[in-house]
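Below, each chain spelled out in residue letters.
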Amino acid sequence: MDFLAYDFMQRALLAAVLIGITAPAIGIYLVQRRQALMGDGIGHVAMTGVGLGFLLSTSPVWTAMAVSVVGALIMELIRWYGKTRGDIALAMLFYGGMAGGVMLISLAPGGSTANLQSYLFGSLTTVSPSDVTAICWLAAFVILVTVGLRRQLFAVSQDEEFARVTGLPVRALNLLVAVTAAVTVTVAMRVVGLLLVSALMVVPVAAAQQLTRSFRATFVVAVAIGVVVTLGGTVTSYYQPVPPGATIVLLTIAVFIVLTLLATPLARRRARAATTAAGDPAECAIPGQQAPVPSVRG
């Protein structure tokens, strides 16, 4: 536990915990909506925000958040109105975001693409006190939305038409999910990295679904997995010269594989028990004997 004596590790661990909570918290809604790769697309767009921060000599966290939110809103609008050309428009948005980030950072005073490394793949030593403050505020917003509006967001994620009939503001909630996903990407980029954050939003949810059957249980287990793997990857990166983002993602995939292996025999046992229970009445009946008809009294 000697790593707790260092300020940069304290900041990194706090950021890791917040990322472990927020990424699966919004990821569960993206998985339900079958938009698992949305976080990856927002990460590409956020690169322009990072480059803009270097160009303006300001905190890349806030500029990345602003650009990510705009990009997420555009993605949602393309999903509504894009029709057959929507995939091409999204591809242009993603690749344009990457190219814009590289271009802006090359134009910044003393800037080079090497400065993007810590934002693309995460870095422990570069998490500053101002970054932690921004991450705390942004994480509070994500938790407030994903927990406080969980019933409404779940309804929209499951069936938009039914949610619209019940009177929910479907478009407003969809935009809120997009904005929350963009904020989550910004929260996670300092530790996990923009190119890997999508995995932390999706894989813990997929791992939790191997063991759980309800939305609430999946939410809780996914967040627990997120916190464990982010802390584990951060501590591992302190003791070993490995990138924290890649370590966290590989740990998450390992957890998914282990839970899948454990869930397979459990699912078979449940199916066998259900089959046996369904067959009990037929097995107890005597062949050829008609069941007595109960008398009906007026």
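Residues numbered from 1 in each chain as written. Predicted model: local features only at pLDDT ≥ 70, side-chain atom pairs only at ≥ 80, totals over all residues. Heavy atoms only, no water.

Participant: Where do I start with the nonpolar core in this structure?
Facilitator: Here is a general trend for soluble globular proteins: nonpolar side chains tend to be buried in one another's company. By size, the foremost hydrophobic cluster in this structure holds 70 residues, and its most contacted members are Ile42, Val183 and Met201. Ranked by the residues each element gives to this core, the list is headed by helix H9 (residues 170–188), at 11 residues. Every residue in contact with Val183, bar those within four places of it in the chain, is listed here: Met65, Val69, Leu138, Phe141 and Val142. Counting residues in each nonpolar core, the second largest holds five residues, with Met9, Ala12, Leu13 and Leu124 among its members. (Core = buried A, V, L, I, M, F, W, Y, C linked by side-chain atoms within 4.5 Å. Buried < 20%, exposed > 50% of the residue type's maximum accessible area, 1.4 Å probe, protein only. Helix = DSSP H or I, 4+ residues; strand = E, 2+ residues; numbered from the N terminus. Contact = heavy atoms within 4.5 Å.)

Participant: Is there a simple way to explain the packing of helix H1 (residues 7–32) against H9 in this structure?
Facilitator: To describe two helices that pack against each other, one gives the angle between their axes and the distance between the axes. Where H1 meets H9, the closest approach of the two axes is 10 Å, and the angle between their N-to-C directions is 150°. On the basis of their axis angle, the class for H1 and H9 is roughly antiparallel. H9 is crossed by H1, and the crossing has left-handed handedness. Here Ile19, Thr22, Ala23, Ile26 and Leu30 of H1 lie close against H9, whose contacting residues are Val177, Thr180, Ala181, Thr184, Val187 and Ala188. Looking at side-chain class alone, the contact of H1 with H9 contains eight nonpolar, three polar and no charged residues. (Axes fitted to C-alpha atoms, helices over the stretch in contact; angles between N-to-C directions. Parallel < 35°, antiparallel > 145°, perpendicular 65-115°, else oblique. Left-handed = near helix turned anticlockwise from the far one by under 90°. Nonpolar A, V, L, I, M, F, W, Y, C, P; charged D, E, K, R; others polar.)

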